[in-house]
Every structure is written in C-alpha cells, then in structure tokens.
Amino acid sequence: MTIKVQREEFIQTVNEAISDWDKERLVSLVMEGLGSGFMPIEITGQVLLPVLQKACREIDSHDISFAELLLLADTIKAALDILIPKIRESLNETTVKGRVIIGTVKGDIHELGKNLVAAVFESGGYRVTDLGKDVPTDDFIRAAEKEKADVIAASTLMTPTLISIEELLKEVRARKLKIKTIIGGWATSPEFARKVGADAWADDALDGLFKLDRLMVGQNHD
Amino acid sequence: MTKRLVSVSFEPSGRTVDVPAGTDLFRLMANLGLKHSNTCGGKGKCGKCKVKIEEGFNALNPPTETELKHLLPEEVGQGYRLACAVRVPPVPFFSVRSLSSGPSTQILQTEGTPVYVLPDPAVKKYAIRLSQTGLFREEHILSELKERYGVTCRMDYTALTMLPAAIERGKTSVTCTVYCKKTVTAIEPGNTTGKCLGFAVDIGTTKLALYLVDLNSGKELVFSASPNPQVLYGDDVMSRISFAMARKGNLIILQKILLKEMARLISDCCVNAGISPNWIYEGCVAGNTCMVQLFLGMSPRNLAFFPYNNISRRGVTVRTGELPVRLPVHQAARIHTLPLIAGFVGADTVAARLAVELHDFRKPQMLLDIGTNTEVVLSDGDGSIACSCASGPAFEGMHITHGMKASSSSIDRVSIDPETLEVAYSTIDGAKPAGICGSGIASAIAELVKAGVIGLNGRFRDDLSRRTKRIKTVNGKAVEFVLAWRHETAVDTDISISQKDVVEVQKAKAAIYTGCTLLMKQRGITADHIESLVVAGAFGQFVDKESVRTIGMFPEVGSDRVHEVGNAAGTGARIALISLPKREEAERMARATEYYELAADPDFTGTYARAMLFPQRHDRDAGN
C-alpha cells in the first residue's frame, strides 16, 4: 500500500515538474526516485514516455500548444539524458530489444526531433548509436556493419535532402544488408517511405518506437 | 506503345487540352499557368492544390493517405482530390475544377523611400564630334574620349559593328556608351546622351518589383510589380530548389519563366514612361541567393545541403544576349547581380543594408528584412554579422486559414473589446472582407492575447466560450475565434482565426525573435544596446508597432528606436544601379559580413521554444 502511494505521489510530482518546464526540479526528482529504488526503465516507460505520448495526442486535438510541446519535450529530454546512460548499463545481450543506428542525413543539420527519437528508442530498451547530423551514407553503413545493427533510422526536416535518404536506402539494398530501415522527419511521408523502399515510416518519436517494435518482429508497413 | 490521349478540360475557364493518360495533373496545371495556391511545390505536404474532379472521377486510383489527411470525409465522395496526387486517367474526357483562385489585384510593396545618392552610374554616354580628317575612326573616338572626358577605354566588338552605320547616319557626331569607365559597348548616331536608362529589380521569392530609372539624374521614372511566376513550382525557396533538382530541364524552366516575367515588367515600364526599350543600357538585380542563382541559370543544388556554401559571392555581370530569354533592352545592355553574403543571406540583404544609412558606426544597429525568410544583420563598430530565420510565409498571409495577400478586401486591422469580446476591423480598401492579410493577422492575434482569449502559451482559453458566440468550440474546446460573420463577408463563410493560425504566427515570430536574440548573444549585447532597429519588408510598413510588441516578434527595443523602411532591397538595387561607388561598397560589405548559422547554435531550441510564448504584459511595459 505504502509503495503504491509512494509511486503515485512520485508520478504526480514528476508530472508537475514537467508541466512547469522545470528541468532542475525534474532532474532532482528523478535522482531521488532512483535513490528510493525506482528502476530507470520504469521511470521512462511508466512516467516520462506516457507524458510525452499524451502530449503528442493533445497537440493534434489542440489541448496543448506547439510551444508547450516543444518546451515539454525539452524538459523531458533533460531527465532522459540522466536515465539513458543507466538504462544502457542495465541492458545486456538478452534484455536489449535491438540495435539501432540513427542520424540526420547528409546535407541536413536539424536534429532536434532526431535527438528526441533517439532518446525515446533508448528508453524503450534499444541500444542506439546516434551518428548526429549531416551524416554521409557511408557512415550509416559503416556504423551499421560495425554495431551489427538491426535497424537504421534516418531523418530529415528539409525537402531537398530527401535525396540523401533515397541514396542511403539504395545503398542498403545494393549491399544486401540484412537490416531494416525506418525514416521520419517533417519532409517525409508514408508515400515517400514506400516509394524509396523504407521498411517503415514514423510520424513522431513514440510512433517510431511502436513501429520499431513491430519491425523487430518482422512487420513492415501497416 | 502510344499512350491514349485524354481531353482534359479546366473549369471555370473552360480551357481544354489533350494530354497522354498518366500525366501529372499538378505539373500540367503549372505548365498551363493555371494557378493553384500550393505552398509545397506538389509534394503532397500542404493540401492547398485541392481540385474537384467533375468528370472521370471513377477512373482514378483511390485517394492516397496524404490526400485523406487533407480532405474532409465528405469531400472524398464528392470528387475532391489534391492535384499533386492525381494522374490523368485513361478516359476520353476528364474535367477538373480549380478551387483556389487568388485575388486579381495586389498591393505590392514597391513604395521606395527617397534615395539621396549622387548619380555616378556604371553606364555613361559621351557625345563625340567627328573630325573630317581621314584618321582611323575608332582611334579618333577613343582619343577624343580620353582628351575631352578623361576616360581611357577600349571598344568592344558589338560597338565596333555599330560604328559604320553610326558614322554614316550621325555625320558630324556620334554618342558612345561607356561601361564601367573601361569599355565602349555601343555607338549611336548623333547626340543621344539625354537618353540613358537602366532598371533595378528586386526578385523576391513571392514577388518581383522593377523600377525604371534615368541614369543621368538617378530619378525613378516608373515601377511595375507582379508575383514571382515561379510560385507555380513551390511557394518557398526550398521547394523551388527541390523542383530545380528533380529533373534535368527544370532549372531552365524556372529561369525562363522568371526572365519572361521580367521582360513583361520592363515592357510595362517602358510603355508607361513612353520610352523606347532601346535606351535601357543596364539592369541591376537584387534577390536572395536562390533567386539570383535561378536568374543566372545556376543550379541551386548548393543550397539544398548543409553547409549551404555559395558557389560565388561576387556580383556578376552578364550581357543580355547571354540569357536564354531576350529582354526588351538595348542589345549591348549588361545586367549586374549584387553580391551575396551566404547561402541564405543574399543580394537582397546586401541591397537592403546599402539602403539603410548607418549614422553612427559605434552604436549597434539591427536590420531585419521580413519575408518568407527573414534576414537579420547586426552591425556595430566591429563589423556585421548576419543570419537567416525560417519565418515562413504566415505574415504574407499564407499558411493561415483565412489568410490572403495584402490586397483589396483583406482585413488589415482588428480591435477586440476586452469586456464584450466584440470585434471592430478594417479592410485595406474598405470593401467587404474576403480574408486577412499579414498585418491583420498580427493585429488580430495581438488583440486576442490582450483580451485574454488566447493565453500566453498561445492556446485558446476554453472558459470564455460562454461569454461570446465568436469563440467556436468542438467538444467544449475553443478552436477558433470569429472576426467577421458570414453575412459581413464577401466569401460566404465566417472569417476567423483558428488555433492552427495562432501556432503559425507563434512559429514565425519565434523564428525572427530567436535570430535577433542569438545574434545579440554572439556580439555580447542586449536589446538595450541597440541604437536602432530597422524593419524592412512590406509587413513592417503596414503593421502597427503595438501589435508587434504584444506578440513579441522583435527584441524589446523602445518604439522610438524602431524604424520601418519598406522595400529596402528594391531601394538598394536602385542605389547600386545609379552609383558605381555604392556598388563597390556593396561588394566590400558582402565580404565583411560574417554569416552565422542559427541551426548550429546549441541554444537555438531552447530560445526558439520560449520565444514561441507571448510575452508577459509587465515585461513590455518595463521595456526590457
């Protein structure tokens, strides 16, 4: 009973810190939570990601503004930055869900969304190698081979750099890599994903995690 | 295998063409010059190229996911589709109704400010009296130019070919056109020194403004303006770049359509001024980097990929004969494009900067050129630093539900009574409203914030909907605010501001505010240090300062230090046209201005996210 109360109280206060965009308080709450026995993956999976998921739904129904989503994501990111290294440590060969190479493609340096996606993937139990922004096709391929990755996740915000995604996917096919691909970012669309032969397309970070889970069990486009 | 020809007719014009089945409807309409108000260049992102298929609908493939996202469920059954997703089906007849027809007349921003520059143009004409002695004529003319006018130059091939006829018809005198004090480019019979004209043009992503100028006096004779015809291939620079890269031949399409429109504008000006186009010897071009490259026929591929390197940053001089479309100017005319600063800070910014005099170099001055891309230049004693903000076209009335360009019957001012939430508005020409223009949007949103209808986070407050019918709700949530009821308008629908519109404005103003803030941070100064904030672009000219303050678009600089200058880029192009020294100054300035890449600043996201909120009132009153 007390544990349950404690948990609810914890979730409540964390939620308050997030809605106040109070990074410092959120970070200290998370540290406290870890101290009192919460598992990192519990905090992300049961507290942080549900808030983000709710926010993503609410942006569509105009229950929160775009600015609020951005600030909220920025706040949550601060907590994820602490939790992710711990999650990474706790994952071993049997518990890790899969290995993902992620990056913003060559010619584009917008990585705000990609960073959040990477954080969400990691908190979802994946081992993520983030190659950053303006990543050439070769770097994706090399990293994927080195890490024996299951999935390459590529993103772009700008329309002209869709070409770089196309090039990357061509290369993955040309090399007959046994690797799944998922793409996202403002410039992309489900039609584009199909056209260039990506295995999946994601609308946002949580949709990405959902699609990633499905890719791992062999389901491509819905 | 020949593809079956389909007779495609377009309503309401009734225009009919025969095309092979499988033709892309979006491109077809673009090629025919049928305007659809797309903003994404046919990529299925904006949903603005909606058409109604009146015949042949059943032969089409089912709507794509993207189409379904942009179409209402009831529209799908009635034959509504997005032109960019439709290929002409193999049926004998196919009929399409275009749904978006833009307003016909536009108030374009072309009011230049008076320029006080001593004319010293690149093109000068000198009359030479011919001697009757039998010397070589070319040498005689060149030595006369040197002795009488102090100009040492040579004669180019074109001028030489004009010489025999000029001597024969001119008998006692000829007139030499000298370019940049170096080259005789043309020779005419008699004394024609009084007829020496040039044009200056500002090629905007959305509109073109062209001025015909007397090079002797430096006076503007007439101007003409029109929308940039490349809009058919995408509303913003990025979608034009994508189009130019998509297929071989697209680049020349963009260049030619632009040159043809320029040719039309020059002709217009000549007719209005009653002057022959043959007296036009030079043109001076300002525009963003992409527009300048498209004008020159240079692929904008370099602008598609970070780090957006410039191919060349110097000003370029071309002979009109080298362009793929003949412009109505003198055959020896040159066109000069102003220098560029960076991939996204172009000749328009250089021109704007040229037009804005710095009175005191020691005090920081900030120049903002508001457009689809907003450029910011911060100058002080140590030089200049510039950035480009992706403000988007919200303040040009685009991406806004009831947005329109600043033209007849657009709402330009709004006031809302904070007690009753009743609305008073005005339209540009007093006509019944058909939509809201950029300044109207800023004004409406500022009033909604002041009246508390929108919170500082940009969200509509739900609890006010009981107080007024103007707040429309869906499931108890406020989603829009009606400015003008259907019976008051010219468009048979309520004109309102939606939640989405507020977000668009928040994004636009946050982009501008963030650019200014990060540049100031780079220089280690705050808004208090800014001696003057110069706002160029049509938006700045028409909007009231109070609205801009309320929504928090600029740094918190006192109203007395904010100045609006209208189309500074156009003014700068005219200055560079009539003054060679100023043109050289532009060249130096472009080199001395440092470019700052906002997207690479680690503080960008945080600053941008916070800038999206509307500022607290007491902050504004305190002026900090």
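## Brief notes about the interface of chain B and chain A
Link 1 in the chain: On the chain A side, the residues contacting the 31 residues of chain B number 32 residues.
Link 2 in the chain: Around 2700 Å² of area is buried between chain B and chain A when both sides are counted, 65% of it from carbon and sulfur atoms.
Link 3 in the chain: When the buried surface of chain B facing chain A is broken down by residue, Lys-45, Phe-306 and Arg-459 of chain B rank first, second and third, together holding 20% of it.
Link 4 in the chain: Connecting chain B to chain A are two salt bridges.
Link 5 in the chain: Between Arg-194 of chain A and Glu-65 of chain B there is a salt bridge whose closest N-O contact spans 3.1 Å.
Link 6 in the chain: Linking chain B with chain A are six residue pairs in polar contact (both at pLDDT 80 or more), by the criterion used here.

## Some words on the packing of helix 9 (residues 347-355) of chain B against helix 15 (residues 580-592) of chain B
All names here are of chain B.
Link 1 in the chain: Two elements in contact, helix 9 and helix 15, have axes whose closest approach is 10 Å; the angle formed by their N-to-C orientations is 120 degrees. One element, helix 9, and the other, helix 15, form an angle in the oblique class. The crossing of helix 9 and helix 15 is right-handed. Together, Val-350, Arg-353 and Leu-354 of helix 9 and Lys-582, Glu-585, Ala-586, Met-589 and Ala-590 of helix 15 make up the contact between the two elements.
Link 2 in the chain: Among the residues making up the contact of helix 9 with helix 15, the classes are represented as five nonpolar, no polar and three charged.

## Topic: the sheet that holds strand 18 (residues 383-389) of chain B
Hydrogen bonding along the main chain pairs the strands of a sheet, whether they run parallel or antiparallel.
Residues and elements named next belong to chain B.
Link 1 in the chain: The six strands are arranged 26-25-16-17-18-27 in an open sheet whose pairing can be described as mixed. The outermost strands of the open sheet, each flanked by one partner alone, are strand 26 (562-566) and strand 27 (593-595). Between one strand and the next, the sheet's axes are offset by a mean angle of 20 degrees, whatever the strand orientation.
Link 2 in the chain: With five bridges joining them, strand 16 (residues 365-369) and strand 25 (residues 532-536) adopt parallel strand pairing. What sits directly across from Met-366, in strand 25, is Leu-533.
Link 3 in the chain: Packing of helix 11 (residues 499-523) onto the sheet brings it into contact with strand 16, strand 17 (374-380), strand 18 and strand 27, and relative to strand 18 it is tilted by some 150 degrees.

## Here we look at the packing of aromatic side chains
All names here are of chain B.
Link 1 in the chain: In this structure the tally under the stated criterion is eight aromatic pairs over all chains.
Link 2 in the chain: An angle of 40 degrees between the planes, with centres 4.7 Å apart, marks the rings of Tyr-126 and Tyr-149 as tilted. One end of the pair, Tyr-126, is in strand 6 (residues 123-129); the other, Tyr-149, is in helix 4 (residues 137-149), and 23 residues separate them in sequence.
Link 3 in the chain: When its relative accessible area of 30% is taken as the criterion, Tyr-149 is described as partly exposed.
Link 4 in the chain: Judged by centre distance (5.1 Å) and plane angle (80 degrees), the rings of Tyr-308 and Phe-344 are edge-to-face. Highlighted residues: Tyr-308 in the loop between helix 8 (289-296) and strand 14 (316-319) and Phe-344 in the loop between strand 15 (334-337) and helix 9, separated in sequence by 36 residues.
Link 5 in the chain: Site record: aromatic cluster; members linked through ring pairs are Phe-306, Tyr-308 and Phe-344.

Thresholds applied
Residues numbered from 1 in each chain as written. Chains lettered and ligands numbered in written order. Predicted model: local features only at pLDDT ≥ 70, side-chain atom pairs only at ≥ 80, totals over all residues. Heavy atoms only, no water. Contact = heavy atoms within 4.5 Å. Buried area = accessible area lost by both parts, 1.4 Å probe. Salt bridge = Lys/Arg side-chain N within 4 Å of Asp/Glu carboxyl O. Polar contact = N/O pair within 3.5 Å; in protein donor to acceptor, adjacent residues only side chain to side chain. Axes fitted to C-alpha atoms, helices over the stretch in contact; angles between N-to-C directions. Helix = DSSP H or I, 4+ residues; strand = E, 2+ residues; numbered from the N terminus. Parallel < 35°, antiparallel > 145°, perpendicular 65-115°, else oblique. Left-handed = near helix turned anticlockwise from the far one by under 90°. Nonpolar A, V, L, I, M, F, W, Y, C, P; charged D, E, K, R; others polar. Pairing = 2+ DSSP bridges. Phe/Tyr/Trp six-rings, centres within 6.5 Å; stacked < 30°, edge-to-face > 60°. Buried < 20%, exposed > 50% of the residue type's maximum accessible area, 1.4 Å probe, protein only.

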